[in-house]
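Results of the structural survey
So the chains spell out like this:
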Protein chains: 2
Amino acid sequence: MQPVESYLAANHDRFVRELCEYLRFPSISAQPQHRDDVFACARWLTKHFQSIGLEATLRPTPGNPVVVAKTPRAPGSRKPHYLIYGHYDVQPPEPFDLWHSKPFEARIEGNRLYARGACDNKGPSFAHFKAVEAYLKTGTELPCDITFVVEGEEEVGSEHLAAFLEENRRELQCDGIVISDTGLVSPKHPTISYGLRGIAAMEVTLHGPSRDLHSGLFGGSLDNPAMALCQLLAQLRDTKGRVAIPGFYKSVAALTTYEREQAKRLPFGAAAYRKFLGVPKLFGEEGFTPHEQRSARPTLEINGLTSGYQGDGSKTIIPAWARAKITMRLVPNQKPPQILQLVAKHLRSICPPTVRMELSLGHSGEPYMISAESPQVQTALNALKKSFHRDPVLVREGGSIPIVNDFKRILKKDVLLLGLSLPDDNAHSPNEKFDLDVFAKGLRMSACLWPELAALHGASGTPRKPRPRRA
Amino acid sequence: MQPVESYLAANHDRFVRELCEYLRFPSISAQPQHRDDVFACARWLTKHFQSIGLEATLRPTPGNPVVVAKTPRAPGSRKPHYLIYGHYDVQPPEPFDLWHSKPFEARIEGNRLYARGACDNKGPSFAHFKAVEAYLKTGTELPCDITFVVEGEEEVGSEHLAAFLEENRRELQCDGIVISDTGLVSPKHPTISYGLRGIAAMEVTLHGPSRDLHSGLFGGSLDNPAMALCQLLAQLRDTKGRVAIPGFYKSVAALTTYEREQAKRLPFGAAAYRKFLGVPKLFGEEGFTPHEQRSARPTLEINGLTSGYQGDGSKTIIPAWARAKITMRLVPNQKPPQILQLVAKHLRSICPPTVRMELSLGHSGEPYMISAESPQVQTALNALKKSFHRDPVLVREGGSIPIVNDFKRILKKDVLLLGLSLPDDNAHSPNEKFDLDVFAKGLRMSACLWPELAALHGASGTPRKPRPRRA
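Definitions and cut-offs
- Residues numbered from 1 in each chain as written.
- Chains lettered and ligands numbered in written order.
- Predicted model: local features only at pLDDT ≥ 70, side-chain atom pairs only at ≥ 80, totals over all residues.
- Least-squares fit on C-alpha atoms with pLDDT ≥ 70 in both.
- Contact = placed C-beta atoms within 7 Å.
- Domains from an automatic or database assignment.
- Nonpolar A, V, L, I, M, F, W, Y, C, P; charged D, E, K, R; others polar.
- Helix = DSSP H or I, 4+ residues; strand = E, 2+ residues; numbered from the N terminus.
- Buried ≥ 20, exposed ≤ 12 C-beta atoms within 10 Å, placed from the backbone.
- Pairing = 2+ DSSP bridges.
- Axes fitted to C-alpha atoms, helices over the stretch in contact; angles between N-to-C directions.

For the rest of this paragraph, the subject is the relation of the copies chain A and chain B. Two copies of the chain are present, and they differ by a rotation about an axis and a shift along that axis. Expressed as a screw transformation, the operator carrying chain A onto chain B has a rotation angle of 180° and an axial translation of 0.1 Å, and the superposed copies differ by an RMSD of 0.2 Å. These values place the two chain copies in the arrangement generated by a two-fold rotation axis. If distances are taken from each C-alpha of chain A to the rotation axis, the shortest is found for Cys230(A), at 2.2 Å. The fraction of interface residues of chain A whose copies in chain B are also interface residues reaches 100%, indicating that both copies meet through the same surface.

Here it is as structure tokens:
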């Protein structure tokens, strides 16, 4: 490992220059006028992989191409095989006037590299590319076979990725997937995200009179759909912050003692968090910490309410209808279709006969979790500790990343989420940046990871189970 | 009375022609481009009153003029003095394309006269003008002194009427006010409206986080203002249709046995009414009929709900705020300012500490009621019975007419509401009409009214109390 680490240190400045080159492509997948830039970026990346010594190809899809790059491997290799996923497309940079420098200039100020795509996801995935380069260029044997899968449609919903994985299932057969596209709690808290919440969306509309009615002439003799909706929705959450739908928590995986211990190690100040949110008082399910509430517990949220008159002043009507948009965040082992059916059934059962209910079930996504005590996670913790020289933290994230489920579903393997993006890195916002100290740590993390994972699998490629450790 | 009735019958066709002339003025008070038409209409009306034999003047206000016309009176007359209120301004006619003939053409089809302003309020008030003409032109002594007060701003809120009444309080001192600007239940049900509901408006906004938040990253650890609003509003009405605010019903005048008997005489079919409203099932305060619920009982209605995302699809946010527009319909003897304070206090007391409440108290208007058993109402019932040859009905209306309270407050006298506008007359809608049979009955009603009211007052001008009768 010594030559690899020396190479990483000696070549750091060049890596940053190359990353800047990568960042200067305005590879904005959402904007058709940047289609050429997206393709140019993919071609540059393919050549870059080839220059490192990888067998790299540009794979067409009905949308933007996927870049696939493989480390050289011996015929009949028994090494563990890992995929590293990343994306070369970026969010639109607008609004331009809020940027302190041009979004595709790639400006360095101190240890910060400013550019659209810096932390999401060109910088973090570049750390993996360069760690592999260090192995190859120093003639150090890579303990794993590695395949990079870098797509160009992550910011527009990864429309063609699942089909690509299906079509290339045999080639992409592996022992696990590594993704660095999540968050790093702080530079002092190297982070593994071992769980993500799922989602299920629905829309409830209550129809009352056939048109808005004069509230003076008719009010009192018919139900008001806006009031009926409020009374319906009010029943869906109790005063202790729990979703009040029979059966909703039935499949929820309880937090283990190990998980709750790990969560306690996260830096958290209630006063600062309350101030950051801008609320008068925090509120959540009784018996859980705010971090647990927002990552490991399911929720039902009203995302929007619409009824009647919304302009200035007042309009004395009984609205013809009232509508709520609802999404639920789900956790293992809740199943979105089952939950949607459960909620729809409950709503129908409590809907008064004085209004007509219209339910529209929307998109959904499975929750994801790899056991925090699993061999792969425990092994990754070792790699993080060695590279960051800090005790890593284990977190669940409250959001949903659908591609993680695609990998799990199609390739039947777990995903290791090793985030390198800081909370203030402005992903999706103006002045996106990547911390170059984190980049250096990420390079070492990736380099450390492969011997650790290889040791886990042993010669047979089957992971041995280590004892869970205090991370 | 015989010469008066003969005159009314003999001159009916001319009356209709003159009414058409009156209707051809597009006296639309809401539209500045029609200001000249409004004034021209007022001048025409003044001259018309003069041609009948009244002392008529055009009285300027900061807005549109008020036409005041008085029957000739002997110096030191001891006759009872009644005001008749009407308005010569009309609603805007838009949308034009829904009219079957031009709104200011005044088209007659069978017994229907189509024009903007036909029923609201030129036609009904014209019946009073012509009944007085019949007395004057036949040399029949009018048993009452009568003053017409016809304003030009009713459709834009009667902004200057209260000040006009204040300034001319002495001149307008009277024994009562007659207004024909309400509804007639059907041609078979001559109608006196003896009560109107009041109104009080407010807006409730609950503020949560300082901006819309990602429901995945943060959901579960803070309250959702849309949910908090639903839970707040849901508590304001119980399952029996009662407003669930302590003290809300404290001042409500109970319906008398006489009132409830009268209400039972109204034609009402629950199935037809439900179909007319277009609701799956009627709903209202337990223990009251739909007619009572919508006219004699107070309500709290949500007129609008606004929160978060309202577009297509879904947006996974916790909204920064949620707002409801609320109006209450009030009945005697509820006081709007007291009720607003009561509701505001209650809302503050049940608002959870997890959101910040912003309350904005809006406009309000007093409820109005003249006792159904009062001498004036009972006397008017006689006049209606004689002119329509049908038993009249006594109703309360659910809407609010602020000027009625202005008359009561400033002149300290009761208002008799003798409606001549049918439910299908399309007031404020395209194809507004006035029923010419109702016009004929209205002419006789007005002619019958003055001897009856005079008899009531006797020589002294103080009403005697007759026994309530079955109307």
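There is more to say, and it comes next.
Residues and elements named next belong to chain A. Assigned domains of chain A: these are domain 1 (2-196 + 368-457) and domain 2 (198-252 + 298-363). Here the C-alpha centroids of domain 1 and domain 2 sit 41 Å apart. At the interface, four residues of domain 1 touch four residues of domain 2. For the side of domain 1 that touches domain 2, the residue count by class is one nonpolar, three polar and no charged.

Right, let's get into unusual backbone geometry. A cis geometry characterises the amide bond from Pro332(A) onward to Asn333(A), with omega recorded as 5°. Looking at the secondary structure, you find Asn333(A) in the loop between β13 (321-330) and α10 (336-350). Cis geometry is adopted by the peptide bond preceding Asn121(B), which originates at Asp120(B) and carries an omega value of 10°. Assignment of secondary structure puts Asn121(B) in helix α4 (residues 118-137). You will see that Ala106(B), though not glycine, has its phi angle at about 60°, which is positive. Among the structural elements, Ala106(B) can be located in the loop between β3 (81-87) and β4 (107-109). In this structure, Asn426(B) takes a positive phi of about 60° despite not being glycine.

Before going further, it helps to examine the pairing of β3(B). Residues and elements named next belong to chain B. Judged by how many residues are buried, β3 sits mostly within the fold: seven of seven residues are covered. Neither face of β3 is left uncovered, since the one carrying His81, Leu83, Tyr85 and His87 and the one carrying Tyr82, Ile84 and Gly86 both have all their residues buried. Both β3 and strand β6 (residues 145-151) contribute to a ladder of seven bridges, which runs parallel. The residue of β6 that forms the bridge with tyrosine 85 is valine 149.

What follows is about the sheet that holds strand β18 (residues 433-435) of chain B. Each strand in a sheet pairs with its neighbour through backbone hydrogen bonds, running either in the same direction (parallel) or in the opposite one (antiparallel). All names here are of chain B. Ordered by their spatial adjacency, three strands build an open sheet running β4-β5-β18, and the pairing between neighbours is antiparallel. Every interior strand has two partners, whereas the edge strands, β4 and β18, have only one. Ignoring which end each strand starts from, the neighbouring axes of this sheet average 25° apart. Judged from the three bridges that link them, strand β5 (residues 112-114) and β18 form a sheet pairing that is antiparallel. Across the sheet, tyrosine 114 pairs through a bridge with lysine 433, a residue of β18. Across the sheet, α4 lies against β5 and β18, angled at about 40° from β18, the strand it touches most. Against the sheet, helix α13 (residues 436-457) engages β5 and β18, with an angle of about 60° to β18.

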